[in-house]
Amino acid sequence: MINEIPYLTRNSGNMPCVGLGTMSYPEPEKAIELIKYALDIGYRHIDTARKYGSENWVGDAIKMSNVPRDKLWITTKVTEDNAAPVDFMKSLEKSLMALNLNYVDLLLIHWPSRTIPIKDTVGALNNAKKEGLARNIGISNFTTSLIQEAVHCSEEELYCNQIEYHAYINQDKVLHACDKYGILVTCHVPLARGIILNDPIIQTIALKYNKSSAQVALKWLLQQTRISVVPRALSYNEIEENISLFDFNLSDDDMEKISSLRHNNLRVVDPEIRRPLWD
Ligand SMILES: NC(=O)c1ccc[n+]([C@@H]2O[C@H](COP(=O)([O-])OP(=O)(O)OC[C@H]3O[C@@H](n4cnc5c(N)ncnc54)[C@H](OP(=O)(O)O)[C@@H]3O)[C@@H](O)[C@H]2O)c1
């Protein structure tokens, strides 16, 4: 069992700063087993989405685990195809049914819609919160101008923006915009789908701390302010490794060395049919 994971705090809730990503699990039985294992060893934050098809498996794993509901942080996302208010609520109902939960801790719009006005989707997010179906609401893959627009039409606090962030991408502008509005940042693909793990600088630093490259890459993110991470892994060992991050700190010098890797300019998640005009 891992020691308790630090939380990020905003007015409306406390989110464990490490969660388990659940995208692209190969098969249901294995997925349920791995999510249950993560809960058994101390994960309390699970990241799912309607799009991933993993909500049922998360629901089953929660049922099989002994973790009380109020100790869990479950994030799910409504697909941008369901960004119109009526579709949005139907999608959320399906999510809750699949998860076998009365509410989620964080509900996000997965990508900004190209057709539905942001104020309509943000209105639907607000309603989900007012009706108690989501404790916190937020956005994902929003750029600086979209963040500003979303903030201005939301009555409720927007808790977080889930974005691609790892050492190979410069996200300064989006981080700055989130900071301006007090929005937390959750990093998706925090390991750049494994690509950064082969980086010689990360590998050298990992050797120095006697940690894995994945642990160093995740720690680099967590040592920045208001950041949480949701790595996905398919082995018990990696799942454990990805949450065993709180017995070491990277020095300022090593933080800087890893920051210098942004020149690689790698965006892993960039679907042509969904991407906004990136900053
Ligand atoms: N909001 C969005 O639009 C969005 C988009 C993409 C992802 N996400 C969320 O972010 C989560 C994470 O993203 P991701 O799964 O695409 O990529 P990721 O977490 O950056 O990388 C996963 C890859 O890293 C490997 N890995 C994980 N831990 C490792 C370790 N300790 N040592 C060595 N290799 C390790 C995994 O290998 P194995 O497969 O061999 O275990 C897998 O190939 C997703 O599951 C999803 O929940 C959100």
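Residues numbered from 1 in each chain as written. Predicted model: local features only at pLDDT ≥ 70, side-chain atom pairs only at ≥ 80, totals over all residues. Heavy atoms only, no water.

J.: If you had to explain the overall build of the protein to someone new, which residues and values would you point to?
T.: Secondary structure assignment for the protein yields ten helices and ten strands. Counting only C-alpha atoms and orienting by the principal axes, one finds that the protein spans roughly 55 × 40 × 35 Å. In the protein, the proportion of contacts linking residues at least 24 apart, taken out of those at least 6 apart, comes to 77%. When the accessible surface of the protein is summed, it comes to about 12,400 Å², and 48% of that surface belongs to carbon and sulfur atoms. Within the protein, one finds 30 positive and 35 negative side-chain charges whose respective centroids are separated by 2 Å. (Helix = DSSP H or I, 4+ residues; strand = E, 2+ residues; numbered from the N terminus. Contact = heavy atoms within 4.5 Å. Areas by Shrake-Rupley, 256 points an atom, 1.4 Å probe, with all protein chains shown as cover. Lys, Arg positive; Asp, Glu negative; His and termini not counted. Charge placed at Lys NZ, Arg CZ, Asp CG, Glu CD.)

J.: With reference to specific residues and values, describe helix H1 (residues 28–41).
T.: For H1, spanning 14 residues, the distance from its first C-alpha to its last is 20 Å, which sits close to the expected 20 Å at 1.5 Å a residue. Every buried residue of H1 is accounted for by Ala31, Ile32, Leu34, Ile35, Tyr37, Ala38, Leu39 and Ile41. Residues of H1 that are buried in the fold lie against strand E3 (20–21), strand E4 (45–47), helix H2 (55–64) and helix H9 (236–241). Downstream of H1 by a residue or two, glycine 42 has a phi angle that is positive, lying close to 125 degrees. (Expected span 1.5 Å × (residues − 1). Buried < 20%, exposed > 50% of the residue type's maximum accessible area, 1.4 Å probe, protein only.)

J.: Explain the sheet that holds strand E8 (residues 158–164) to me, and be specific about the residues and the numbers.
T.: With parallel pairing, the eight strands of this open sheet are ordered in space as E3-E4-E5-E6-E7-E8-E9-E10. Whereas interior strands pair on both sides, the edge strands pair on one side only; in this sheet they are E3 and strand E10 (227–229). The pairing of strand E5 (residues 73–78) with strand E6 (residues 106–109) spans four bridges and is parallel. Bridging from a neighbouring strand, threonine 75 pairs with leucine 106 of E6. The sheet contacts of helix H6 (residues 172–180) involve E8, strand E9 (184–188) and E10, and relative to E8 the element is tilted by about 175 degrees. (Pairing = 2+ DSSP bridges. Axes fitted to C-alpha atoms, helices over the stretch in contact; angles between N-to-C directions.)

J.: Account for the pattern of salt bridges, with residues named and values stated.
T.: Enumeration over the complete set of coordinates arrives at 17 salt bridges. Here the salt bridges share partners, and the residues they tie into one network are Lys208, Asp253, Asp254 and Lys257. (Salt bridge = Lys/Arg side-chain N within 4 Å of Asp/Glu carboxyl O.)

J.: Now, about the site of the ligand: what can you tell me, with residues and values included?
T.: The full set close to the ligand counts 28 residues, and Asp47, Arg193, Arg232, Leu234 and Glu238 are the nearest of them. In the environment of the ligand, an oxygen atom lies 2.6 Å from a nitrogen or oxygen atom belonging to the side chain of aspartate 47. Here the ligand, which alone exposes 910 Å², has 86% of that area covered by the protein. Residue composition of the shell around the ligand, by class: 13 nonpolar, nine polar and six charged. (Near = heavy atom within 4 Å. Polar contact = N/O pair within 3.5 Å; in protein donor to acceptor, adjacent residues only side chain to side chain. Nonpolar A, V, L, I, M, F, W, Y, C, P; charged D, E, K, R; others polar.)

J.: Tell me what's going on with helix H10 (residues 252–259), and back it up with residues and numbers.
T.: Spacing of three or four residues puts side chains on the same side of an α-helix, whose turn is 3.6 residues. Among the residues of H10, Asp254, Met255 and Ile258 are the ones counted as buried. Here the buried residues of H10 occupy an arc of 105 degrees about the axis, which is enough to place them on one side. In H10, the exposed positions angled more than 90 degrees off the buried face are occupied by Asp252 and Glu256. Where H10 is buried, its residues contact helix H7 (200–209) and helix H8 (213–222). (Arc of directions from axis to C-beta.)

J.: An account of the packing of aromatic side chains is requested, with residue identities and associated values reported.
T.: The tally for this structure, following the rule as stated, stands at five aromatic pairs. Pairing tyrosine 37 with tyrosine 236 gives two aromatic rings, centres 4.6 Å apart and planes at 75 degrees, and the pair type is edge-to-face. One end of the pair, tyrosine 37, is in helix H1; the other, tyrosine 236, is in helix H9, and 199 residues separate them in sequence. Taking the ring centre of tyrosine 103 as reference, the NZ or CZ of arginine 135 above it sits at 3.8 Å. Here lysine 219 stacks its cationic end above the ring of phenylalanine 248, 5.3 Å away from the centre of that ring. (Phe/Tyr/Trp six-rings, centres within 6.5 Å; stacked < 30°, edge-to-face > 60°. Lys NZ or Arg CZ within 6 Å of the ring centre and 35° of its normal.)

J.: Describe the side chain of glutamate 55, with residues and values.
T.: Tracing the backbone through its elements, the reader meets glutamate 55 in helix H2. For glutamate 55, a relative accessible area of 2% translates into the label buried. Of the polar contacts made by the side chain of glutamate 55, one reaches the side chain of arginine 50; its length is 2.7 Å.

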